[in-house]
Amino acid sequence: GQQVMQIPQYQHVQEGEDFTTYCNSSTTLSNIQWYKQRPGGHPVFLIQLVKSGEVKKQKRLTFQFGEAKKNSSLHITATQTTDVGTYFCAGYGAAGNKLTFGGGTRVLVKP
Amino acid sequence: DSGVTQTPKHLITATGQRVTLRCSPRSGDLSVYWYQQSLDQGLQFLIQYYNGEERAKGNILERFSAQQFPDLHSELNLSSLELGDSALYFCASSAIQGGGEQYFGPGTRLTVT
């Protein structure tokens, strides 16, 4: 079945630095979504990418969907303490009826 | 606040028991999804309902079952509970059958002792 992998599993970042988390699918995706889960909270939808090569920005967050629609990345610039949490990518396969989540990247920010 | 409600927030029960988790989707959403999140784990998709009908199934154990009622709320039934079933159970809803963003409830933390 479809598998979605995320790396790194953990990301320790100094406040003010940039970092990138990567997401790779075993199969071509119809779209990819990113969610953020704060410690003790529930996943919150951030964004959805649909087109091959699509790039979207939300303030300091830049999301990219690969040309082959099998990978994605999230780049955060000038990390802040409010960025702490686990970032999940999730993709719909061709059938579009099941959202498969990656294992998440847990982000810890050092002030 | 996502608009998705889940009850109860916490549940502590013994092995072998049966519990029911309840979810009310956002107003107007027809799809309900159930996920299991074990400690430090990702989200495992269990099952999806759309307007009362089962639409997709993930890694849901035979001891688990779910349904969506005419008022669109959903229940997840877990029976013959084992220690390994201890986890956070999230419900999510979306407006469409597949492909759209999902809005998660606050979750039910199940502890099996």
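What counts, and at which threshold
Residues numbered from 1 in each chain as written. Chains lettered and ligands numbered in written order. Predicted model: local features only at pLDDT ≥ 70, side-chain atom pairs only at ≥ 80, totals over all residues. Heavy atoms only, no water. Core = buried A, V, L, I, M, F, W, Y, C linked by side-chain atoms within 4.5 Å. Buried < 20%, exposed > 50% of the residue type's maximum accessible area, 1.4 Å probe, protein only. Helix = DSSP H or I, 4+ residues; strand = E, 2+ residues; numbered from the N terminus. Contact = heavy atoms within 4.5 Å. Buried area = accessible area lost by both parts, 1.4 Å probe. Salt bridge = Lys/Arg side-chain N within 4 Å of Asp/Glu carboxyl O. Nonpolar A, V, L, I, M, F, W, Y, C, P; charged D, E, K, R; others polar.

K.L.:
Explain the nonpolar core to me, using residue names and the numbers behind them.
P.N.:
With 20 residues, the main nonpolar core has Leu-21, Trp-34, Leu-76, Leu-78, Tyr-89 and Leu-110 of chain B as its most contacted residues. Only β3 (19–24), β4 (31–37), β5 (44–50), β7 (64–68), β8 (74–78), β9 (87–94) and β11 (108–112) of chain B provide two or more residues apiece to this core. Trp-34, Leu-46, Phe-65 and Val-109 of chain A belong to the second largest nonpolar core, which has 19 residues in total.

K.L.:
Go over unusual backbone geometry with me, naming the residues and quoting the values.
P.N.:
Cis geometry is found at the peptide bond from Ile-7 of chain A to Pro-8 of chain A, where omega equals -5°. In this structure, Pro-8 of chain B follows Thr-7 of chain B across a cis peptide bond, with omega equal to -10°. Residue position: Pro-8 of chain B is located in the loop between β1 (5–7) and β2 (10–13). In this structure, Ala-78 of chain A takes a positive phi of about 45° despite not being glycine. Here Ala-78 of chain A is to be found in the loop between β8 (71–76) and β9 (85–92). One non-glycine residue, Leu-72 of chain B, lies in positive phi territory at about 80°. Here Leu-72 of chain B is to be found in the loop between β7 and β8. Of the residues examined, Leu-72 of chain B reaches a relative accessible area of 15% and is grouped as buried.

K.L.:
Outline the interface of chain B and chain A, listing residues and values.
P.N.:
Listed per partner, the contact involves 22 residues of chain B and 19 residues of chain A. Together, the buried faces of chain B and chain A total about 1500 Å²; carbon and sulfur atoms form 52% of this surface. In this assembly, chain B and chain A are joined by 0 salt bridges. Counting only elements with at least two residues in the side of chain B that touches chain A, the list comes to β4, β5 and β6 (53–57) of chain B. Tallied by class, the residues present in the side of chain B that touches chain A amount to 8 nonpolar, 10 polar and 4 charged.

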